[in-house]
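# Fold and contact review
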Amino acid sequence: MGSKKRIDLLDKAPWLKKLVKMRSFQFILILPNLVLFFLFLIAGVIGNPMGSQNIIIVFVWILWWVVLIGILVPFGSRLWCTMCPLPIIGEWFQRGAIAGVRKGKPFGLNKKWPSALKNIWPQNIGFLCLAIFSALLVTRPIVSVFVLGGMILVAIVLHLIYEKRSFCMYICPVGGFLGLYSMCSTLELRVKDPEVCRQHKEKDCIRGNENGYGCPWFQYPGNQTRNNYCGLCTECIKTCPLDNIAVNVRPFASDDKIKNYDEAWKAFIMITLAMVYSVTLLGPNAEIKDWANATFTGEWRGFLTYALVVLSSALAGFPAVYAVFAWLAKVFSGNKEVSFENVFIRYSFVLVPMGLLAWIAFSVPLVMINGAYIVSVISDPMGWGWDLFGTKEIHWHPVLPGWVPYIQAVLLMVGLWFSIKKGHDVGRQLFKTKGEVIRSLIPITVLLIGVVIAFLTQYVN
C-alpha cells in the first residue's frame, strides 16, 4: 500500500518525536500501571472476595479488557505492550537499569530461546488454558491474583535465563492475540526508506548504542512489513542515527499475510473463544454456566466436558471446518498450481478482522451492562464499604440494554465487510486471474456469513 495512504505522526507532531526519544518515555507510561497493578494484587488478596465488589476484577476484566480490545488494539496496535507492567521488573533486572542505558553484558544467563519454541504455540496453549478457567478468572479475585502475579514471576525468571523479551515474544498469552489483531490496527511502526537501512552497516536498531538498546523483540525494522511482533517499545526510534523510523497512521487492516500454521491457529482459537465466551458469560444456558463455574457448583464432570469441548473446538473442530472451505476455495479457483497449504494459511487472515470485531461485539455488554461497577468500585476498591469519591451508592444498572444487540450486529457486519474485502486482497496475491480470485472467494464468503449468523444467534434473540 502506497506511502500516500500513510501519515507519519513523528513527522507531523515534532513534540511527539521528542517525547518518544526520551529515555524515560516508556518508564513514564509503565510506572502508573505498575503501581495500579500491585494495588490490584493487594485488593485481590485482602479485599472483598465477591468479584463485582473488588477492583482487580472490575478494572482488569471489564475496564482494561474493553479499552484494550475496543480502542488500543484497533487504533494503537501493540501500544499496550509499550506500557505493560508484567515484564518490566524482569527487564529492569536484566538490563541493570530502569530508564537509562547500561553498557555491558546483560545480567542473567542471556541464553538463546530454544529454536523449537520460536513460534506462538506456547501463547496459543496458554490463552486456551486461561479461557477454560475464564469463569473463575473473572469472578474470583484470588484466582486473578495467582494468574497475574504468576505471570510477573514467570517473566522475571525468563528474563534472568533468556535474552531480551523472550517472555513477551513467545510466552505471554496476551501477546499472542495482540500480535494477531494488531495486523488490523490503524497504527504501524515502519522505516521510512528500506534502502537507507540496507546501506547502513552499523545496525544500531539491532545492536543498540548510547541512546538505547537493540530491539528487545528480536525484530529488524529495516524489513518489518507486519505489526505482529513489534512491541512499540520505541528503542529503534531512539537508536536510529538516520532518523529513518516512522510511526504511521494507516488504513484499517493493512497487513494481510498470515505466514505459518501457528498464526493461522491463533486466528482459529480466538474466533472460537469469542463464541465460547459469548455462550458461557453472556448466554442464557444455566447448565453451561454451572459447568464453567465448577468451584462454585461442584459440577466437575460437567467442567471436564466443557474443557474438552472448548479444546477440541478451538484446536480441531473449527480448523477442520475451515479446512473444508479452504479446500473448496482451491477447487473453485480452478488453479492447480497454488498449493492447498498456501490457500489454507493465507486465507485464514479473513478470520482476523472478523475475529477482532466479534471480540469487540462481545465486549459491548461488558461496559454497557456492567459498567456501573466501575464507577462504584473506584470509591470502594477493596469492597469494604468505603466511599472515597462519593460514588459507592451508584448501584448496578444497565445503560441502554436494548441497544446492545443492535450495536453487536452492526459490529459483526463491519467485520464481515472487512473480512471479505481483505479476502479479495489475499486472493489477488494467491491467484493469477480475476475469475480465479472471485471463484475462490465464494466458499470463503459462505464460511464468513456462517460465522456471523452463529454470533447473531447469541446476540440477537
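Right above here is the structure, for reference.
Let us look at the structure shown here.

Another aspect to go through is the sheet that holds strand β3 (residues 245-249). Ordered by their spatial adjacency, three strands build an open sheet running β1-β3-β2, and the pairing between neighbours is antiparallel. Bordering the open sheet on either side are β1 (7-8) and β2 (187-191), each of which pairs with just one other strand. One ladder, built from two bridges, connects β1 with β3; its direction is antiparallel. By the bridge assignment for β3, Asp 8 is matched with Asn 248.

Here we take up helix α9 (residues 141-161). With 21 residues, α9 extends 30 Å between its outermost C-alpha atoms, agreeing within 8% with the 30 Å of an ideal straight helix rising 1.5 Å per residue. All buried positions along α9 are accounted for by Pro 141, Ser 144, Val 145, Leu 148, Gly 149, Met 151, Ile 152, Ala 155, Ile 156, Leu 158 and His 159. Those residues of α9 that are buried lie in contact with α3 (25-46), α4 (55-76), α6 (88-95), α8 (134-137), α10 (166-171) and α11 (173-181).

This part covers the pairing of β3. A large share of β3 lies buried, amounting to four of its five residues. Across five bridges, the pairing between β2 and β3 is antiparallel. The residue of β3 that forms the bridge with Glu 188 is Asn 248.

A word on the packing of aromatic side chains. What the rule picks out here adds up to 32 aromatic pairs. An aromatic cluster is defined as three or more aromatic residues linked by ring pairs; in this entry it consists of Trp 61, Trp 64, Trp 65, Trp 80, Phe 127, Phe 177, Tyr 277, Trp 359 and Phe 362. In this structure, Arg 95 is placed above the aromatic ring of Tyr 213, and the distance from its NZ or CZ to the ring centre is 4.0 Å. Across from the ring centre of Phe 296, 5.0 Å away, lies the NZ or CZ of Arg 140, which sits over that ring.

As for its placement among the helices and strands, Gln 224 is situated in the loop between α13 (204-207) and α14 (235-239). What makes Gln 224 buried here is its relative accessible area of 11%. At 2.9 Å, the side chain of Gln 224 forms a polar contact with the backbone oxygen of Leu 189. Residues contacting Gln 224, with those up to four places away along its chain left out, are Leu 189, Arg 190, Gln 219 and Cys 230.

Turning our attention to the packing of helix α15 (residues 261-282) against helix α19 (residues 340-347). Each pair of packed helices gets described by two things: the angle between the helix axes and the distance between those axes. Orientation of α15 relative to α19, taken along the N-to-C sense of each, is 50 degrees, at an axis distance of 9 Å. With respect to each other, α15 and α19 are oriented oblique. Along this stretch, α15 crosses α19, giving a crossing that reads as left-handed. Seen from α15, the contacting residues are Tyr 261, Trp 265 and Phe 268; seen from α19, they are Glu 341, Phe 344 and Ile 345. The residue inventory of the contact of α15 with α19, partitioned by class, reads five nonpolar, no polar and one charged.

Taken as a whole, this structure holds 17 salt bridges when the rule is applied. Between Arg 95 and Glu 235 there is a salt bridge whose closest N-O contact spans 3.7 Å. Within this pair, whereas Arg 95 is found in helix α6, its partner Glu 235 is found in helix α14, the two being separated by 140 residues in sequence. You can call Glu 235 buried: its relative accessible area is 2%. Across the pair Lys 422 and Asp 425 runs a salt bridge, and its minimum N-O distance is 3.2 Å. Of this pair, Lys 422 and Asp 425 both sit in helix α22 (residues 404-430), three residues apart, which is roughly one turn of that helix.

One way to put it is that α4 packs onto helix α20 (residues 351-370) with a least axis distance of 9 Å and a crossing angle of 140 degrees. Taken together, the axes of α4 and α20 lie oblique to each other. Pair α4 / α20 crosses with left-handed handedness. Contact residues: Trp 61, Ile 62, Trp 65, Val 66, Ile 69, Gly 70, Val 73 and Pro 74 in α4; Leu 356, Trp 359, Ile 360, Phe 362, Ser 363, Leu 366, Val 367 and Asn 370 in α20. Class assignment for the residues of the contact of α4 with α20 results in 13 nonpolar, three polar and no charged.

What counts, and where the lines are drawn
Residues numbered from 1 in each chain as written. Predicted model: local features only at pLDDT ≥ 70, side-chain atom pairs only at ≥ 80, totals over all residues. Heavy atoms only, no water. Pairing = 2+ DSSP bridges. Helix = DSSP H or I, 4+ residues; strand = E, 2+ residues; numbered from the N terminus. Expected span 1.5 Å × (residues − 1). Buried < 20%, exposed > 50% of the residue type's maximum accessible area, 1.4 Å probe, protein only. Contact = heavy atoms within 4.5 Å. Phe/Tyr/Trp six-rings, centres within 6.5 Å; stacked < 30°, edge-to-face > 60°. Lys NZ or Arg CZ within 6 Å of the ring centre and 35° of its normal. Polar contact = N/O pair within 3.5 Å; in protein donor to acceptor, adjacent residues only side chain to side chain. Axes fitted to C-alpha atoms, helices over the stretch in contact; angles between N-to-C directions. Parallel < 35°, antiparallel > 145°, perpendicular 65-115°, else oblique. Left-handed = near helix turned anticlockwise from the far one by under 90°. Nonpolar A, V, L, I, M, F, W, Y, C, P; charged D, E, K, R; others polar. Salt bridge = Lys/Arg side-chain N within 4 Å of Asp/Glu carboxyl O.

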